[in-house]
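One-letter residues, chain by chain:
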Amino acid sequence: MSNQIDDKDDDLSINVVEPDENEWKKFIDEMKYARALEYVLQNAPVRAKDPEKKKKAAQMALSTMMKIKTSEIPQAVNSIPVPLRDTLMKYIYKGFENPKDYSSSALLTWHEKVLAITGLGSIVRVLTDRRTV
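All of these numbers come straight from a predicted model, not from anything done at the bench.

*Asks:* Sorry, what's going on with the nonpolar core here?
*Replies:* Where a protein is soluble and globular, its nonpolar side chains tend to be buried together. In this structure, Leu37, Met65, Leu88, Tyr91 and Trp110 are the most contacted members of the largest nonpolar core, which totals 33 residues. Those elements that place two or more of their residues in this core are α1 (21-29), α2 (33-42), α3 (51-67), α4 (73-79), α5 (85-96), α6 (104-118) and α7 (120-128). Other than its neighbours up to four places away in sequence, Trp110 contacts Leu37, Met65, Ile68, Ile73, Ala76, Val77, Leu88 and Ile92.

As structure tokens, this is what we get:
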């Protein structure tokens, strides 16, 4: 058994998705923040080469997370499909990269709640995944 990574499905030039800002704004305007966050996570540009696409999606995800009340975070995390929770954790770490842009205390709360639901495996997967947000 080989430990080499298979790059066949990691061709970054195909399957690039990104969240549509108008669709995201509809959810925000309707105050459906958990749904807006799920939408961004579903369409995260993890295969994109363009850093501007990644930056825009991160801004959408993080600003949506800041709109969700602390008491509603566990419910929001539980509403997110299991495969997208690692992507959520990636955005939390992305937010920590710019502490002046996003509330570190809010991000720590998000981290705590996601970790409680996903376990340590999420952190390991996020830190070892080559596909970034």
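This is not the end of the story, as more comes after the structure.
*Asks:* I would appreciate a short explanation of the packing of α5 against α6 in the present structure.
*Replies:* Each pair of packed helices gets described by two things: the angle between the helix axes and the distance between those axes. The interhelical angle for the contact between α5 and α6, taken along N-to-C directions, is 155°, at an axis separation of 10 Å. Between α5 and α6, the angle is such that the two are roughly antiparallel. As α5 packs across α6, the resulting crossing turns out to be left-handed. Between α5 and α6, the contacting residues are Arg85, Leu88, Met89, Ile92, Tyr93, Gly95 and Phe96 on the first element and Ser104, Leu107, Leu108, Trp110, His111, Val114, Leu115, Ile117 and Thr118 on the second. Residue composition of the contact of α5 with α6, by class: 11 nonpolar, 4 polar and 1 charged.

*Asks:* Teacher, can you tell me more about the environment of Trp24 here?
*Replies:* Within the fold, Trp24 resides in helix α1. With residues up to four places along the chain from it excluded, the contact list for Trp24 reads Ala36, Tyr39, Val40, Met60, Ser63 and Thr64.

*Asks:* Help me understand the side chain of Arg85 in this model?
*Replies:* Along the chain, Arg85 turns up in helix α5. There is no salt bridge for the buried Arg85, and the closest opposite charge comes from Asp86, which lies 8.4 Å off by N-O distance. Ignoring anything within four residues of it in the chain, the contact list for Arg85 reads Val77, Asn78, Ile80, Val114, Ile117, Thr118 and Ser122.

*Asks:* Is there a simple way to explain the packing of aromatic side chains in this structure?
*Replies:* The description of two aromatic rings rests on the distance between their centres and on the angle between their planes. Following the criterion strictly, the structure yields 2 aromatic pairs and no others. Pairing Phe27 with Tyr39 gives two aromatic rings, centres 5.9 Å apart and planes at 50°, and the pair type is tilted. Taken as a pair, Phe27 in helix α1 and Tyr39 in helix α2 lie far apart in primary sequence, 12 residues in all. Taking the relative accessible area as the measure of exposure, Phe27 reaches 12% and is therefore buried. Ring centres of Tyr93 and Phe96 lie 6.3 Å apart, and the angle between their planes is 50°; this geometry places the pair in the tilted category. Remark: Phe96 and Tyr93 occur in helix α5; sequence separation between them is 3 residues, near one turn of the helix. According to the relative accessible area criterion, Tyr93 is partly exposed, its value standing at 23%. Judged by relative accessible area, Phe96 falls into the partly exposed class, the value being 27%.

Reading guide: rules and limits
Residues numbered from 1 in each chain as written. Predicted model: local features only at pLDDT ≥ 70, side-chain atom pairs only at ≥ 80, totals over all residues. Heavy atoms only, no water. Core = buried A, V, L, I, M, F, W, Y, C linked by side-chain atoms within 4.5 Å. Buried < 20%, exposed > 50% of the residue type's maximum accessible area, 1.4 Å probe, protein only. Helix = DSSP H or I, 4+ residues; strand = E, 2+ residues; numbered from the N terminus. Contact = heavy atoms within 4.5 Å. Axes fitted to C-alpha atoms, helices over the stretch in contact; angles between N-to-C directions. Parallel < 35°, antiparallel > 145°, perpendicular 65-115°, else oblique. Left-handed = near helix turned anticlockwise from the far one by under 90°. Nonpolar A, V, L, I, M, F, W, Y, C, P; charged D, E, K, R; others polar. Lys, Arg positive; Asp, Glu negative; His and termini not counted. Salt bridge = Lys/Arg side-chain N within 4 Å of Asp/Glu carboxyl O. Phe/Tyr/Trp six-rings, centres within 6.5 Å; stacked < 30°, edge-to-face > 60°.

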